[in-house]
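Observations on the model geometry
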Amino acid sequence: MASLMELRRRLNTIQGLSRISRGLRIINSYYMAAVRRDFEQMEAYEEALRDSVGAVLGLLPPEIIQSSRFINAPSLAPRVVLAFFSDGGLCGNYNELVTEGLASLKLTRNDKVYGIGTLAPDKLSDLGIKPVDYIGGLYQSKNTPLLVDFFLGITEELFSELWLVFVRSVPGREGQCVTQKASPITLEVQARQGELLGEPGEIIDQVLSSYLTATMLRAFYTAAFSEFYMRWSAMTHAEDKAKELADSVKLKISQTRQERVTRELQDIVGGMNYGG
């Protein structure tokens, strides 16, 4: 049986872990709320942009629209995949879900993979994949200009398809991996009367590139919220577990102390009887 000193040392360790878990839970709760607001704004922006893009395309000749590489992609071009991993650990099975999503796409040597998240290079390396490029550490900082530049760089690639692989978490439910085919783009286009200034080919490229960037930003904020939520959930579970363990150790300390007192009393009583 463990001594009182060992039990007290174990209790101090558990209580220390509980304080760390509580602190991380509070921090991730803050980030989760902030990112959720950003996601809601991004969701509204993307929906409004979708309507605007449809209106602009309605002013262009159908043959110009069909010739766009974002609408009618070249079949021989490589497939591009953007995988959203986490910026850190302690977030449950977040990265395992992304890995499963990538596996479902059955990647080949011809595919070009980009990564989001500080852990992206390591996780992709485990799969034998070297990313074309990656960017990390932005779930907390939310450096939108840097993100936009990164996503616009991806749209400059010539690709047959653009896939987004990210985790979507809903409070109260387990996280799920989403594999979203973002391009070729499908939009409702209604012919309109009007005129656009500029070359139609350049206009449609700029408009659809902006739309794809908004789609990737929406996936980014979904992934960011999911990471913070899954880490918050993991820390909440860890804090609850630490409390259970602490209560158990406290009970053992109480029992051990009581047993020691009982033994001492027995020794005293035994000594008194012997002396009599």
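Quick caveat, the model's predicted, so the values are computed rather than measured.

1. Structural notes on the overall build of the chain
Looking only at helices and strands, the chain has seven helices and five strands in total. When the helices and strands of the chain are placed in sequence order, the string is α-α-β-α-β-α-β-α-α-β-β-α. Against the globule reference of 19 Å for 276 residues, the chain gives a C-alpha radius of gyration of 29 Å, more extended than a compact globule. Expressed as lengths along the three principal axes of its C-alpha atoms, the size of the chain is roughly 115 × 35 × 25 Å.

2. Observations concerning the side chain of Glu-157
With respect to the secondary-structure elements, Glu-157 resides in the loop between α6 (144-155) and β4 (161-168). Within the structure, the side chain of Glu-157 is placed 3.2 Å from the side chain of Lys-112, a separation counted as a polar contact. With residues near it in sequence (within four places) discarded, Glu-157 still touches Arg-69, Lys-112 and Tyr-114.

3. Overview of the nonpolar core
Counting residues in each nonpolar core, the largest one holds 64 residues, and the members touching the most others are Leu-82, Phe-84, Ile-116 and Phe-151. If sequence neighbours within four positions are ignored, Phe-84 has contacts with Tyr-94, Val-98, Ile-116, Tyr-139, Phe-151, Leu-164, Val-165, Phe-166, Met-216, Ala-219, Phe-220 and Ala-223. Grouped together as the second largest cluster of nonpolar side chains are eight residues, Leu-11, Ile-14, Ala-242 and Ala-246 included.

4. Comments concerning helix α3 (residues 94-104)
The α-helix advances 3.6 residues per turn, and as a result positions three or four apart in sequence lie on the same side. Of all the positions in α3, only Tyr-94, Asn-95, Leu-97, Val-98, Gly-101 and Leu-102 are classed as buried. Looking straight down α3, one finds its buried side chains confined to an arc of 155 degrees; they lie on one side. Projecting away from the buried face of α3 at angles above 90 degrees are the exposed residues Glu-100 and Ala-103. Taken from the residues just after α3, Lys-106 is the one with a positive phi, measuring 50 degrees.

5. Describing the environment of Ala-44
The residue Ala-44 is located in helix α1 (residues 4-57) in this model. Overall, Ala-44 belongs to the partly exposed group, its relative accessible area being 44%.

6. Some details on α6
In a regular helix each residue adds 1.5 Å, so 12 residues correspond to 16 Å; α6 covers 16 Å between its end C-alpha atoms and thus fits that length. Listed in full, the buried residues belonging to α6 are Leu-147, Phe-150, Phe-151, Ile-154 and Thr-155. Looking straight down α6, one finds that the buried residues subtend no more than 145 degrees of arc, so they occupy a single side. Facing away from the buried side of α6 by more than 90 degrees, the exposed set consists of Pro-145 and Asp-149.

7. A word on a nonpolar patch on the surface
A cluster of nonpolar side chains, Val-261, Leu-265 and Ile-268, forms an exposed patch at the surface whose accessible area comes to about 260 Å². You can see Leu-265 is positioned in helix α7 (residues 200-275).

8. Regarding the layout of surface pockets
In this structure, the largest pocket spans a volume of roughly 330 Å³. As for the largest pocket, its lining consists of 17 residues, and the residues nearest its centre are Phe-39, Glu-43, Arg-168, Arg-218 and Thr-222. Among the secondary structure elements, those contributing two or more residues to the lining of the largest pocket are α1, β4, β5 (176-183) and α7. For the lining of the largest pocket, the residue count by class is seven nonpolar, four polar and six charged. Taken as a whole, the second largest pocket holds about 160 Å³ of empty space. What lines the second largest pocket is simply Thr-99, Leu-102, Ala-103, Leu-107, Thr-108, Asp-111, Val-113, Leu-127, Gly-128, Ile-129 and Lys-130. Of all the elements, α3 adds the most residues to the lining of the second largest pocket, at three residues. Of the residues that constitute the lining of the second largest pocket, the class distribution is six nonpolar, three polar and two charged.

9. Description of unusual backbone geometry
For the bond running from Ser-183 to Pro-184, omega is 5 degrees, close enough to zero to count as cis. Turning to its location among the elements, Pro-184 is positioned in the loop between β5 and α7. Here Leu-90, not a glycine, exhibits a phi torsion of approximately 60 degrees, which is positive. By secondary structure assignment, the location of Leu-90 is in the loop between β1 (79-84) and α3. Look at Leu-90 and you get exposed, because its relative accessible area is 56%. Positive phi is not limited to glycine here, since Lys-106 has a value of about 50 degrees. Among the structural elements, Lys-106 can be located in the loop between α3 and β2 (112-116).

Criteria and cut-off values
- Residues numbered from 1 in each chain as written.
- Predicted model: local features only at pLDDT ≥ 70, side-chain atom pairs only at ≥ 80, totals over all residues.
- Heavy atoms only, no water.
- Helix = DSSP H or I, 4+ residues; strand = E, 2+ residues; numbered from the N terminus.
- Rg over C-alpha atoms; globule rule 2.2 N^0.38 Å.
- Polar contact = N/O pair within 3.5 Å; in protein donor to acceptor, adjacent residues only side chain to side chain.
- Contact = heavy atoms within 4.5 Å.
- Core = buried A, V, L, I, M, F, W, Y, C linked by side-chain atoms within 4.5 Å.
- Buried < 20%, exposed > 50% of the residue type's maximum accessible area, 1.4 Å probe, protein only.
- Arc of directions from axis to C-beta.
- Expected span 1.5 Å × (residues − 1).
- Patch = residues over 30% accessible without salt bridge, like charges linked within 9 Å, V, L, I, M, F, W, Y side chains within 5 Å.
- Areas by Shrake-Rupley, 256 points an atom, 1.4 Å probe, with all protein chains shown as cover.
- Salt bridge = Lys/Arg side-chain N within 4 Å of Asp/Glu carboxyl O.
- 1 Å grid on protein atoms, 1.4 Å probe; cavity = no way out; pocket = protein on both sides within 12 Å on 5 of 7 lines; lining within 4 Å.
- Points joined across faces, edges and corners; volume = space filled by probe spheres on them.
- Nonpolar A, V, L, I, M, F, W, Y, C, P; charged D, E, K, R; others polar.

Function-wise, these values are silent; they only describe arrangement.
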